[in-house]
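# Fold and geometry: a report
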Amino acid sequence: MNRNLAERERRSNMRNLFSRLFSLLPPQTTRILIPDMVELATVYINHCQRRLEELRQRKMQLEEANKEEITSEPMISPVLNIIDSNSTMEVNLITGSEMKLALSDIISTIKEEGAEVLSVTYNNTRNMNILSIHCRRKTLLGFKITCIHVVNP
């Protein structure tokens, strides 16, 4: 009796394993014999492995293309705009993100030229830096724009 019970459990276990394997396959319209289903599973697994490798390669290509796209953005020329009205002044500087702003140097230059810095706003977007400085003039001296430097990386 023990042999019969062991064989029955083995067959039940095999049926459960086949059932789990076949549940992972695409649905079939007709009933297929177990040996044919095992062959179908082998073919399907190989197909999935090839497809996975193709998708990995495509992902790498897209990531490389994205890196090239990000690094090949056009350079933005710096734009400096100074708005002078009575005793207040607004200094706006727009540069590409590839340029490094020496904020302390810019503020030092403004102070050296006789102005008091009231507020500073700095925004960094994907491809540009925007700096806006509001200040009050203490003297009537003009700015020497050549003193403000933007440094390339």
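Now for a quick tour of the structure. Not measured: the values here are computed from a predicted model.

Glancing now at the layout of surface pockets. The calculated volume of the largest pocket comes to roughly 180 Å³. As for the largest pocket, its lining consists of R15, F18, S19, F22, Q28, T30, R31, I32, L33, I34 and M37. Secondary structure elements with two or more residues in the lining of the largest pocket: helix 1 (2–23) and helix 2 (34–71). Broken down by element, the lining of the largest pocket gets its largest block of residues, four residues, from helix 1. Residue composition of the lining of the largest pocket, by class: six nonpolar, three polar and two charged.

Once that is clear, we can look at the nonpolar core. Listed in full, the 10 residues of the largest apolar core are M89, V91, L93, I106, I107, I110, A115, L131, I133 and C135. Those elements giving two or more residues to this core turn out to be strand 2 (88–96), helix 3 (103–112) and strand 4 (128–137). Each residue touching I107, except ones within four places of it in the same chain, is listed here: V117, V120 and I133.

For the rest of this paragraph, the subject is helix 3. Taken together, the buried positions of helix 3 are I106, I107, T109 and I110. All buried residues of helix 3 fall inside an arc of 155° around its axis, so they share one side. Those residues of helix 3 that are exposed and aimed more than 90 degrees away from the buried face are S104, K111 and E112. Residues of helix 3 that are buried make contact with strand 2, strand 3 (115–124) and strand 4. One or two positions beyond helix 3, positive phi appears at G114, with a value near 95°.

Moving on: the packing of aromatic side chains. Evaluated as defined, the whole model comprises one aromatic pair. Ring geometry for F18 versus F22: centroids 5.7 Å apart, planes at 5°, classification stacked. Here F22 and F18 lie together in helix 1, a separation of four residues that amounts to about one turn. Judged by relative accessible area, which is 22%, F18 ranks as partly exposed.

Within the structure shown, the criterion is met by four salt bridges. Residue R51 pairs with E54 through a salt bridge whose shortest N-O separation is 3.6 Å. You can see R51 and its partner E54 sitting in helix 2, three residues apart, about one turn around the helix. Each of the salt bridges in this network shares a partner with another, and the network as a whole consists of E7, R10 and R11.

Definitions and limits used
- Each chain carries its own residue numbering, running from 1 in the direction its sequence is written.
- Predicted model: local features are reported for residues with pLDDT of at least 70 only, side-chain atom pairs are reported and counted for 80 or more only, and whole-chain, interface and lining totals are derived from all residues.
- Excluding hydrogens and water, the side-chain figures rest on all heavy atoms present in the structure.
- Buriedness of a pocket was judged along seven lines, with at least five required to meet protein on both sides within 12 Å; pockets are open sets of points on a 1 Å grid over the protein atoms alone, cavities are sets where a 1.4 Å probe fits but cannot get out, and lining residues have an atom within 4 Å of a point.
- Grid points are joined across faces, edges and corners, and a volume is the space filled by probe spheres set on the points.
- Numbering of helices and strands runs from the N terminus, with a helix taken as a DSSP run of H or I at least four residues long and a strand as a DSSP run of E at least two residues long.
- For this classification, Asp, Glu, Lys and Arg are treated as charged, while Ala, Val, Leu, Ile, Met, Phe, Trp, Tyr, Cys and Pro are nonpolar and the rest, including Gly, are polar.
- Put simply, a nonpolar core is a bunch of buried Ala, Val, Leu, Ile, Met, Phe, Trp, Tyr and Cys residues held in one set by side-chain atoms that sit within 4.5 Å of each other.
- Burial classes follow relative accessibility: with a 1.4 Å probe on protein chains only, a residue under 20% of its type's maximum area counts as buried, one over 50% as exposed, and anything between as partly exposed.
- Here a residue-residue contact requires only that any non-hydrogen atoms of the pair lie within 4.5 Å.
- In this context, the arc is that of the directions from the helix axis out to the C-beta atoms.
- Between the rings of Phe, Tyr and Trp (Trp by its six-membered ring), a pair exists once the centres lie within 6.5 Å; its type follows the angle of the planes, with under 30 degrees stacked, over 60 edge-to-face, and the other angles tilted.
- Whenever Lys or Arg places a side-chain nitrogen within 4 Å of a carboxyl oxygen from Asp or Glu, that contact is recorded as a salt bridge.

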